[in-house]
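Understanding the architecture of this molecule
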Amino acid sequence: MLKRTITLAAGAAMLATTAMAADPVKIGFVTTLSKGPAVLGRDMRDAADLAMEHIGARMGGRDVEIIYKDDEINPGIGKKVTDELVQKDRVDFVTGYIWSHVLLASYKSVIGNGPMLISANAGPSQIAGELCNEDFFSTSWQNDQTPEAMGEVLNQLGIKSIYVMAPNYAAGKNMVAGVERTYKGEILGKDFTKWPDQIDFSAELAKARAAKPGAVFVFYPGGAGVQFLKQYAQAGLKETIPLYTVFTVDAISLPVVKDLAVGSLATQMWSPDLDNAANRKFVDGFKAKYGRFPSFYAAQSYDAIMLIKAGVDAVNGDTSDKAGMRAAMKKADFGSVRGDYTYGNNNFPIQNFYLREAIKNDAGEYTVKTAKTVFTAHQDSYHSKCPMN
Amino acid sequence: MNWILLIEQTLNGLQLGLLLFLLAAGLTLVFGIMDLVNLAHGSLYMVGAYFAATFTAWTGSFVLAVVLTLPATLLVGAVVEVVCLRTLYDRDHLDQVLATFGLILFFNELVRLVWGPAGLSVPLPEFLSNSLELAPGLIYPSYRLAIIIASLLAAFFLYWLVARTRIGMLIRAGASNREMVGALGVNIRFLFTIVFGLGAALAGLAGLMAAPISTVEIGMGENVLILAFVVIVIGGIGSIRGAFVSALLIGLIDTVGRAFLPDVIGGFFDDEFADAAAPALASMSIYLLMAVILAFRPEGLFSARNG
């Protein structure tokens, strides 16, 4: 496989015209680089930079250039910078996107205007369903999938009732819909909190306490997760009601909240301890270069660059051959850090989901370890609404 | 309705309201006395939180950090006033808004350079990180109780300072008629520096108390600042009493809205509608309150200028 890639790349270098070889492949990368969630954007940018280092900043015999843009966690600004990337910088690919509402606002700016769009995080149900497009690929998940896995875990643990909390925006609604779809027990109450500026959860936690559920399920990404975990512990709930989360306890929040999160369980399609060659290279390289564990945001961003490379390599750097690139990317055989996966009709991954436990390892670092596999080759529930096949 | 839950939510509302009061008190003083629109007040809140995080890491004690943070934010406030804001008093409000908005950007970048983009966390001492059983079944986090007590003490101190001391008399006089105070030979420049420093220290106090509950992060003051402006507009600009009353009002309405609106709406409409409407209405509730109060009392509840 590697040999074939090298031969292809060498062939591409020979075939490529001088003008084309001088012209780099341009990738626009939209993420949050300011405000509170800047730390998530930094993880994504660091991972993309690491991927560039690992591939020698070359794809299909051409140089590669990544242009980073800041969405300020604001759909309006996300759309504006996406428009700039597409119309002014004339990028070949746009990737990144932490937030579902930012991706939804920016979607039409890319799709139909030439470049291909690869989401490295956000997976809103609309894009998996009726809005699906052959020029869109995800290297993450559809929002509902991870909480669906968590709902299954709660069933297996025999938890009779839960209380649900999530922020009030596109992804929050998807997360709650996901857990409601698979969880068979009773949902005693649910709160959608104001996003992103509500930082105090005292009113909601008091209600959760009064409802006396068997467990609490939450989705609070980024800094909000840190706030939630602290307030959960301060309210004395950590000892009395077990907490199950998605996208809340990760390599970003763990070093901040430390022992408050140790032992908590979360579902995810990737974990730093997954045993495959690509993941070892990625995690070790990331830790060596930046001195910290990568988050799933980083893993998905690394995969996004590798997926783009697979597409550009297949057409020997001729990015005008979109059909060729689509076909190559659809195979998903680029060696993902999550292990093998395939693409469904809507270009969202069909992949495994794992249960991860937050731990303090022997070196005194806070990280997560894989406890078990919850779903094997799991597909999202919106793919039937997507007209592609 | 569960009365324990009601009491707990009232305490939550009180705690949020008192924290807002500390922030709004400084804002209303500066606005009312110095006639300065200070958008950068939230930055002082952020600086207070970062100081608290750093001093806790240095000294290993949250209590010591509190003692160090207050004079440090007062000093930052005084320096900002002397270096930057003095030249703005004669300009109109639009120039002040522009300049203090620039200060927000400046402080955000400065914090990024000094502390980095990742958020910081402030660990609480053991005796504040648990929860107390106030009455049978009524469990409340001890740190939130501490916030309520500390804010009430700060409010009382402010009341004493403004109502019972010579400096407070000058502050009140400055709020009513600042030209006259200047004409009577009071050093207005020095008074302004003191007032601004005091406001900064109060914002710093709010920031440092919020730090262990939330993450200390860049831009943390900007959302709170909007609420603080709502508080001073409802309370009447320049009136500390008004800020106190309206801060408590807003804290309670916001908390009660978040706590009980979903159930109330869920009782009348189907679940899907309630899921969508309740969070939206709850986050609008304080702005609705502001609109109603301003419709009947455009000067706010307590107007400083009219006595």
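Residues numbered from 1 in each chain as written. Chains lettered and ligands numbered in written order. Predicted model: local features only at pLDDT ≥ 70, side-chain atom pairs only at ≥ 80, totals over all residues.

**A short note on the overall build of chain B**
For chain B, the count of helices and strands is 11 helices and 2 strands. Listing the helices and strands of chain B from first to last along the sequence gives α-α-α-α-β-β-α-α-α-α-α-α-α. In terms of its C-alpha atoms, chain B occupies a principal-axis envelope of roughly 65 × 50 × 35 Å. Here chain B holds 307 residues, and the buried ones make up 49% of them. Put simply, of all contacts in chain B between residues at least 6 apart along the chain, 78% involve residues at least 24 apart. (Helix = DSSP H or I, 4+ residues; strand = E, 2+ residues; numbered from the N terminus. Buried ≥ 20, exposed ≤ 12 C-beta atoms within 10 Å, placed from the backbone. Contact = placed C-beta atoms within 7 Å.)

**Some remarks on the nonpolar core**
Counting 218 residues, the largest nonpolar core has Leu20, Ala24, Ala49 and Ala228 of chain B as its most contacted members. For this core, the element with the highest residue contribution is helix α1 (residues 3-34) of chain B, accounting for 15 residues. If you count residues domain by domain, this core takes at least three from each of domain 1 (2-141 + 273-340) and domain 2 (145-268 + 353-385) of chain A. Each residue touching Ala49 of chain B, except ones within four places of it in the same chain, is listed here: Gly207, Leu208, Ala210, Ala211, Val216 and Met220 of chain B. (Core = buried A, V, L, I, M, F, W, Y, C linked by C-beta atoms within 7 Å. Domains from an automatic or database assignment.)

**Considerations on the confidence of the model for chain B**
Residues with a pLDDT of 70 or more make up 98% of chain B, whose mean pLDDT is 88. Here the complex is predicted with pTM 0.82, and the ipTM for its interfaces comes to 0.80. (pLDDT = per-residue confidence, 0-100.)

**Remarks on the interface of chain B and chain A**
With 31 residues of chain B at the contact, the number on the chain A side is 29 residues. Counting residues per element, the ones that place at least two in the side of chain B that touches chain A are α1, β2 (138-141), α5 (142-164), α10 (240-268) and α11 (271-296) of chain B. Counting residues per element, the side of chain B that touches chain A draws most heavily on α1 of chain B, at 5 residues. Across the side of chain B that touches chain A, the residue classes break down as 12 nonpolar, 14 polar and 5 charged. (Nonpolar A, V, L, I, M, F, W, Y, C, P; charged D, E, K, R; others polar.)

**What about the packing of helix α7 (residues 145-156) of chain A against helix α8 (residues 170-182) of chain A?**
All names here are of chain A. Across the interface, α7 lies against α8 with an axial gap of 7 Å and an inter-helix angle of 35°. The element α7 and its partner α8 pack so that their crossing is right-handed. Packed against α7, whose contacting residues are Gln145, Thr146, Pro147, Glu148, Met150, Gly151 and Glu152, the element α8 presents Met175, Gly178, Val179, Arg181 and Thr182 at the interface. Partitioned by chemical class, the residues of the contact of α7 with α8 number 4 nonpolar, 5 polar and 3 charged. (Axes fitted to C-alpha atoms, helices over the stretch in contact; angles between N-to-C directions. Left-handed = near helix turned anticlockwise from the far one by under 90°.)

**Thoughts on helix α10 (residues 223-234) of chain A**
Under the 1.5 Å per step criterion, the end-to-end length of α10 of chain A is 17 Å for 12 residues, consistent within 8% with the ideal 16 Å. Those residues of α10 of chain A lying buried are Gly223, Ala224, Gly225, Val226, Gln227, Phe228, Leu229, Lys230, Gln231, Tyr232, Ala233 and Gln234 of chain A. (Expected span 1.5 Å × (residues − 1).)

**Re unusual backbone geometry**
Excluding glycine, a negative phi dihedral is what most residues carry, and trans is how most peptide bonds are arranged. Residues and elements named next belong to chain A. A positive phi is found at Arg90, a non-glycine position, where the angle reads about 50°. On the secondary structure map, Arg90 appears in the loop between α4 (75-88) and β4 (93-96). Although it is not a glycine, Tyr97 sits at a positive phi angle of roughly 70°. Within the fold, Tyr97 resides in the loop between β4 and α5 (100-110). By C-beta crowding, Tyr97 is classed as buried, having 30 other C-beta atoms within 10 Å.

**Let's talk about the domain arrangement of chain A**
One frequent convention defines the size of an interface as the accessible area lost when the parts assemble. All names here are of chain A. Structurally, chain A comprises domain 1 (2-141 + 273-340) and domain 2 (145-268 + 353-385). Each of domain 1 and domain 2 has a C-alpha centre, and these two points are 28 Å apart. Taken residue by residue, the interface counts 23 residues in domain 1 and 21 residues in domain 2. Among the elements of the structure, α3 (38-54), α5 and α6 (125-128) are those that each provide at least two residues to the side of domain 1 that touches domain 2. Class assignment for the residues of the side of domain 1 that touches domain 2 results in 13 nonpolar, 6 polar and 4 charged.

**Side note on the packing of α3 of chain A against helix α13 (residues 296-314) of chain A**
All names here are of chain A. Packing of α3 against α13 leaves a shortest axis separation of 8 Å and a crossing angle of 40°. As α3 runs across α13, the sense of the crossing is right-handed. Facing α3, whose interface residues are Leu40, Asp43, Met44, Asp46, Ala47, Ala48, Leu50, Ala51 and Met52, α13 presents Tyr297, Ala298, Ser301, Tyr302, Ile305 and Met306. Class assignment of the residues belonging to the contact of α3 with α13 gives a composition of 12 nonpolar, 1 polar and 2 charged.

**A closer look at the sheet that holds strand β6 (residues 136-138) of chain A**
All names here are of chain A. If you walk across this open sheet you meet the 6 strands as β2-β3-β1-β4-β5-β6, and the pairing is mixed. Edge positions in the sheet fall to β2 (58-59) and β6, since each of these pairs with one other strand and no more. Of the strand pairs in this sheet, strand β1 (residues 25-31) and β4 are connected by 4 bridges, and their pairing is parallel. Paired with Ile27 across the two strands is Phe93, which belongs to β4. (Pairing = 2+ DSSP bridges.)

**As for α1 of chain B**
Spacing of three or four residues puts side chains on the same side of an α-helix, whose turn is 3.6 residues. All names here are of chain B. Here α1 is 32 residues long and its end C-alpha atoms lie 45 Å apart, about the 46 Å a rise of 1.5 Å per residue gives. Counting buried positions along α1 yields 25 of 32 residues, so the element is predominantly enclosed. Positive phi shows up at Asp35, right after α1, with a value of about 55°.

**Quick word on the pairing of strand β11 (residues 265-268) of chain A**
All names here are of chain A. Because side chains alternate across β11, one face comprises the buried residues Leu265 and Thr267, and the other comprises Ala266 and Gln268, equally buried. As defined by bridge partners, strand β10 (residues 243-246) adjoins β11 across 2 bridges and the pair is classed as parallel. Its bridge partner lying in β11, Thr245 is registered against Ala266.

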